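Letter by letter, the chains look like this.
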Amino acid sequence: MKNYCIVMMLWLLGIAAFAQPVVITQNLDHPESIACDGKFFYSTMVGKALAPTAKDGDGAICKLDLAGKVIDPHFNKEVLNAPKGTAIIGNILYIADIDRLVGLDLATGIKVDEIDFNGHGSIFLNDIAVKGDSVVFVSATDIGKIFKATLSKPHRIEALPLPKILGPNGLVYYAKTNTLYVAGLDRSEQPVGELGIITFDGNTCRYETLTDARGVFDGIQMIDANTLIVSDWVAIKTLQSRLLKINLRDRTYIELYKNTDAADIYFDKKKNRLVLPGLRDGEILEYSLK
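Residues numbered from 1 in each chain as written. Predicted model: local features only at pLDDT ≥ 70, side-chain atom pairs only at ≥ 80, totals over all residues. Heavy atoms only, no water.

Student: Describe the sheet that holds strand β23 (residues 273–278), with residues and values.
Tutor: A sheet is described by the order of its strands in space; here four strands give the open sequence β1-β24-β23-β22, paired in antiparallel fashion. A strand with exactly one partner marks an edge of an open sheet, and here the two such strands are β1 (22–25) and β22 (266–268). Between one strand and the next, the sheet's axes are offset by a mean angle of 30°, whatever the strand orientation. The pairing of β23 with strand β24 (residues 283–288) spans six bridges and is classified as antiparallel. In the sheet register, Gly-278 faces β24, and the bridge partner there is Glu-283. (Pairing = 2+ DSSP bridges. Helix = DSSP H or I, 4+ residues; strand = E, 2+ residues; numbered from the N terminus. Axes fitted to C-alpha atoms, helices over the stretch in contact; angles between N-to-C directions.)

Below, the structure is given as structure tokens:
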């Protein structure tokens, strides 16, 4: 009994380290992802209708200050449809928008680059992970593939030589070990989406399951060399999610929060906080990691 109490106390202390969320922004049109250049947040908004594959032209990028105050609700000067994952490389904000990547100048919001994935079979490009300053990985959730694209022109796009992955969604690349972590989204009644890891060796790569957790995984973010935070749409029909903390040392996980509202995940290292786009309720949420 004594040992059991000690274990429970440690578990509760681990959960207590994560304070309850604070809403810092409201009334956004289905925010899906957040990027930060150190001065501002840039949140993708799928649009008034949650129509992730509709070329309806009502998607947008909302520019906010670091406290969550809206600076420009329509930062993009390029028409966007259903923008999702984001990445900042230099002075360019890259956005996954259905079947293309769009690059916007951070100073003006004007389009300065576009990588066209039309012809590669996907209408649900989702997340972007950056390798160096010249390569991005892009998940295609609908066709079970992850693409590698070069930012130098002419752009080169190739699918990673892997068997089909179930619903690859969130991506995060860790340069020190040359590995790519993948969150798999499965919408079935009893979802079996996986958390996976891709290791690279020259021109070859290998995929393996990271943990025994199964779900409707969406966002994935690396907190440190040994920790991932993952969002899981447990009840996809009601858009009720939870956050998991993954220990990469032993590949175990714990549930941090139930009934959250989150898609992708941004980790603000300076303030030691998670900033989450609330896809369901149109909010931006902040979780302290102190």
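Student: Could you give an account of the packing of aromatic side chains, with specific residues and numbers?
Tutor: All chains considered together, the criterion is met by six aromatic pairs. Both rings, one in Phe-41 and one in Tyr-266, keep their centres 5.8 Å apart while their planes meet at 75°; by these two values the pair is edge-to-face. Of this pair, Phe-41 sits in strand β3 (residues 40–45) while Tyr-266 is found in strand β22, placing the two residues 225 residues apart along the sequence. Residues Phe-41 and Tyr-266 agree in their burial class; the two are buried. Both rings, one in Tyr-42 and one in Phe-75, keep their centres 5.3 Å apart while their planes meet at 55°; by these two values the pair is tilted. (Phe/Tyr/Trp six-rings, centres within 6.5 Å; stacked < 30°, edge-to-face > 60°. Buried < 20%, exposed > 50% of the residue type's maximum accessible area, 1.4 Å probe, protein only.)

Student: Residues and numbers for the pattern of salt bridges, please.
Tutor: Enumeration over the complete set of coordinates arrives at 17 salt bridges. Residue Arg-251 is joined to Glu-208 by a salt bridge in which the shortest nitrogen-to-oxygen separation is 3.4 Å. Remark: Glu-208 occurs in strand β17 (residues 204–209) and Arg-251 occurs in the loop between β20 (240–247) and β21 (252–260); sequence separation between them is 43 residues. Judged by relative accessible area, which is 32%, Arg-251 ranks as partly exposed. Linking Glu-286 and Arg-273 is a salt bridge whose minimum nitrogen-to-oxygen distance equals 2.5 Å. (Salt bridge = Lys/Arg side-chain N within 4 Å of Asp/Glu carboxyl O.)

This is a description of form; function is not addressed.
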